[in-house]
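Summary of structural features
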Amino acid sequence: MRLERMTCEEAARYFEKHDTVLLTIGCLENHGSHNVLGVDTLVPEKLLTMIEEKSEIASAPGIPYGVCEDMINYPGTVSIGEDCMYMLLTRITEGLMRHGAKKIVFLNGHGGNIPTLNRVCIELSQKGALGAQINWWKLAGQLNPAWGGGHGGGEETAAMLAVDPSLVHFDKMREQEIRDDLGENLRTMGFDCVDFKGIGIPVPRNVDQYTSNGWIGPDHPKDATVQWGQEMLTAVSDYTAEFLEAFDCLKL
């Protein structure tokens with residue numbers, strides 16, 4: 001059920017029986033030369049349509065933008081920053097709580113949103129409510145370690161094949177093109193980290209400084225298949241639907 005498709009009366013009846021709302025959050029950023037910019041939004045939206053078939057928990061209109069300051073130099077990438085994301089989430093959750101919501105489940109598609117989500121969830125608990133995060137790509141790797149991966153790699157590419165195969169352009173796929181932009185003694189390990197004597201040290205900087213490609217991680221996009229994506233998203237949606245029901249039963 002979606003709040004934007006309910007009348008006021010239908011919404012009132014929903015909140016008489018339930019105090020949980022699902023909210024998808026994504027991002028618009030580079031995900032490699034082979035993937036479209038909207039991976040982090042399109043995958044949660046796909047999961048939402050699958051969850052709706054298995055759960056009676058209502059969803060609010062999602063947020064298609066996220067926090068991706070380190071990716072803004074890639075064409076088409078848009079970041080709303082932590083300050084804007086925090087204010088947006090705060091106003092949305094306050095509005096939902098005004099009508100009876102006490103528990104908000106954030107179905108998140110982007111790692112850069114997590115620090116802000118953590119802050120919002122803590123503040124919800126201080127108001128007598130609860131916030132929960134379903135970071136789909138992390139959940140997938142926990143459900144099946146073979147599914148786990150990096151940014152724009154096999155995991156996300158497989159998910160996009162399940163969303164819409166026409167949005168994956170294998171003919172444009174390039175390698176990671178990682179550069180050691182800080183020199184041979186501080187080799188790039190991946191997002192934000194450099195290797196110094198076998199230990200990863202965070203050195204946050206713009207991603208395009210160390211790769212011209214948005215794919216960063218151990219899983220190769222060429223290994224992605226539609227079957228992998230479908231099985232993975234089915235498992236994630238099944239788990240999330242069960243969690244929603246259990247979360248909704250909590251008495252606050």
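Report follows, based on the coordinates. (Residues numbered from 1 in each chain as written. Predicted model: local features only at pLDDT ≥ 70, side-chain atom pairs only at ≥ 80, totals over all residues. Heavy atoms only, no water.)

**Examining the side chain of His110**
Counting through the fold element by element, His110 comes out in the loop between β3 (103-108) and α4 (114-126). A polar contact is formed between the side chain of His110 and the backbone oxygen of Val67, at a distance of 2.6 Å. Not counting chain neighbours up to four residues away, the residues in contact with His110 comprise Gly26, Cys27, Glu29, Asp40, Val67, Cys68 and Trp137. (Helix = DSSP H or I, 4+ residues; strand = E, 2+ residues; numbered from the N terminus. Polar contact = N/O pair within 3.5 Å; in protein donor to acceptor, adjacent residues only side chain to side chain. Contact = heavy atoms within 4.5 Å.)

**Details of the pairing of strand β6 (residues 193-196)**
One ladder, built from three bridges, connects strand β5 (residues 187-190) with β6; its direction is antiparallel. Among the inter-strand pairings, Gly190 is bridged to a residue of β6, identified as Cys193. Here β6 pairs with strand β7 (residues 199-202) via four bridges, running antiparallel. Its bridge partner being in β7, Cys193 is matched across the sheet by Pro202. Between β6 and β7, which pair antiparallel in sequence order, lie two residues; one of them, Lys197, sits at a positive phi of approximately 55°. (Pairing = 2+ DSSP bridges.)

**Quick look at the pattern of salt bridges**
Tallying each qualifying case throughout the model produces nine salt bridges. With a closest N to O distance of 3.9 Å, Glu94 and Lys127 form a salt bridge. Here Glu94 is found in helix α3 (residues 81-98), whereas its partner Lys127 is found in the loop between α4 and β4 (130-135), with 33 residues between them in sequence. Its relative accessible area of 32% is what places Glu94 among the partly exposed residues. (Salt bridge = Lys/Arg side-chain N within 4 Å of Asp/Glu carboxyl O. Buried < 20%, exposed > 50% of the residue type's maximum accessible area, 1.4 Å probe, protein only.)

**Re the nonpolar core**
Among the nonpolar cores identified, the biggest contains 57 residues, and Leu89, Phe106 and Trp136 are the most heavily contacted of them. Per-element accounting of this core gives the leading share, seven residues, to helix α7 (residues 226-248). Every residue in contact with Phe106, bar those within four places of it in the chain, is listed here: Leu23, Ile25, Leu89, Thr93, Leu117, Val120, Cys121, Leu124, Gly131, Ala132, Gln133 and Ile134. Among the nonpolar cores identified, the runner-up in size contains seven residues, and Cys27, Met71, Tyr74 and Ile216 belong to it. (Core = buried A, V, L, I, M, F, W, Y, C linked by side-chain atoms within 4.5 Å.)

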